[in-house]
Amino acid sequence: SSAGNILNIILDPILIFHFNMGMIGAAFATIIGWGLSCILFVYLYSIRKDTLVKFQLKKYRADVKIIKEIIVLAIPIVLDGIILSILGVIITYTLELYASPVAVFTYIIILNIQMTAFTPVQGITKGLGIVTGHLSGAKRYVELKKTIRKIFIITLCLAGLIALVIVIFRNPIILMFSNEYLVLEEVRR
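Described in the following lines is the structure provided in the data block.

## Quick notes on the overall build of the protein
So, step 1. Secondary structure summary: the protein contains seven helices and zero strands in total.
So, step 2. Going residue by residue from the N terminus, the α and β elements of the protein occur as α-α-α-α-α-α-α.

In structure tokens, the structure reads:
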């Protein structure tokens, strides 16, 4: 969720520089951000019940064929997360060993900005894959057609909005993360 990424962006400099935690601080910030995302998911799904696909245990029937299809659909999503996590750890660790804390900080902030910008679109498309599988399996093709059309419009508008925000605020973003002097001053404290 974007809220988790924004929290991560806020906590990174605090934990990395203010508390001198380095890569460990970046890891804690990431875990706290993911925790917020999980809490928001539980709130939206369980408390607010704001979802298209509802899970009702009394209507659940185990079907091995459908479970296998769900696993096949989930494999790319899981692999995507695993590969990105492993690469993030390797890059962050390499920067920690061979560069300065400023490099670690800059990499993590840029990665978080990128994730914040693209997470909504990725979340929508990943969710669409799951909803498509559910509605197709339930043979609810009219709802599927409406859902795909609605999600396409939302994704297109969201991507355009994100691109516009990045274009409008590109200079403050570049200045914020290119002024190495301020970051070095923070590291020396």
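## Digging into the side chain of Thr-92
So, step 1. Relative to the elements of secondary structure, Thr-92 occurs in helix α3 (residues 64–98).
So, step 2. Ignoring anything within four residues of it in the chain, the contact list for Thr-92 reads Met-23, Val-104, Tyr-107 and Ile-108.

## Re helix α5 (residues 141–168)
So, step 1. Over its 28 residues, α5 extends 40 Å from the first C-alpha to the last, a length consistent with the 40 Å expected when each residue adds 1.5 Å.
So, step 2. Within α5, burial applies to Leu-144, Thr-147, Ile-151, Thr-155 and Ile-162.

## Some details on the packing of helix α2 (residues 22–47) against α3
So, step 1. Where α2 meets α3, the closest approach of the two axes is 10 Å, and the angle between their N-to-C directions is 155°. Comparing the axis directions of α2 and α3 gives the class roughly antiparallel. The element α2 and its partner α3 pack so that their crossing is right-handed. Contacts between α2 and α3 involve Gly-22, Met-23 and Trp-34 on the former and, on the latter, Ser-85, Thr-92, Tyr-93 and Glu-96.
So, step 2. The residue makeup of the contact of α2 with α3, split by class, is three nonpolar, three polar and one charged.

## Overview of the environment of Phe-118
So, step 1. Of note, Phe-118 is situated in helix α4 (residues 101–137).
So, step 2. For Phe-118, a relative accessible area of 45% translates into the label partly exposed.
So, step 3. Sequence-wise, Phe-118 and Leu-158 are 40 residues apart; in three dimensions their C-alpha atoms are separated by 9.5 Å.

## A word on the nonpolar core
So, step 1. Core analysis: the biggest nonpolar cluster contains nine residues, these being Ile-9, Ile-16, Phe-17, Ala-26, Val-104, Phe-105, Tyr-107, Ile-108 and Ile-109.
So, step 2. Within the residue set of this core, elements represented by two or more residues are α1 (2–18) and α4.
So, step 3. Considering every element that reaches this core, the biggest residue donor is α4, with five residues.

## A closer look at unusual backbone geometry
So, step 1. One non-glycine residue with positive phi stands out, namely Asn-20, at about 50°.
So, step 2. Positionally, Asn-20 belongs in the loop between α1 and α2.
So, step 3. Classification of Asn-20 by relative accessible area gives exposed; the value is 55%.

## Observations regarding the environment of Leu-11
So, step 1. With respect to the helices, strands and loops of the structure, Leu-11 is situated in helix α1.
So, step 2. Separated by 19 residues in the primary sequence, Leu-11 and Thr-30 have C-alpha atoms spaced 8.5 Å apart.
So, step 3. Those residues within four positions of Leu-11 in sequence are excluded, and the remaining contacts are Ala-29 and Ile-32.

## Quick word on α3
So, step 1. Taking 1.5 Å of rise per residue, 35 residues should cover 51 Å, and α3 covers 49 Å from first to last C-alpha, within 8% of that figure.
So, step 2. The principal kink in α3, of about 35°, is found at Ala-74, preceding the proline Pro-76 by one to four residues.
So, step 3. Two or three places before Lys-65, at the start of α3, stands the capping residue Asp-63, its side-chain oxygen 3.1 Å from that residue's backbone nitrogen.

Calculation criteria
Residues numbered from 1 in each chain as written. Predicted model: local features only at pLDDT ≥ 70, side-chain atom pairs only at ≥ 80, totals over all residues. Heavy atoms only, no water. Helix = DSSP H or I, 4+ residues; strand = E, 2+ residues; numbered from the N terminus. Contact = heavy atoms within 4.5 Å. Expected span 1.5 Å × (residues − 1). Buried < 20%, exposed > 50% of the residue type's maximum accessible area, 1.4 Å probe, protein only. Axes fitted to C-alpha atoms, helices over the stretch in contact; angles between N-to-C directions. Parallel < 35°, antiparallel > 145°, perpendicular 65-115°, else oblique. Left-handed = near helix turned anticlockwise from the far one by under 90°. Nonpolar A, V, L, I, M, F, W, Y, C, P; charged D, E, K, R; others polar. Core = buried A, V, L, I, M, F, W, Y, C linked by side-chain atoms within 4.5 Å. Bend = angle between axes of the 7 residues up to and from the residue. Polar contact = N/O pair within 3.5 Å; in protein donor to acceptor, adjacent residues only side chain to side chain.

Take it as geometry only, folks, not as evidence of what the structure does.
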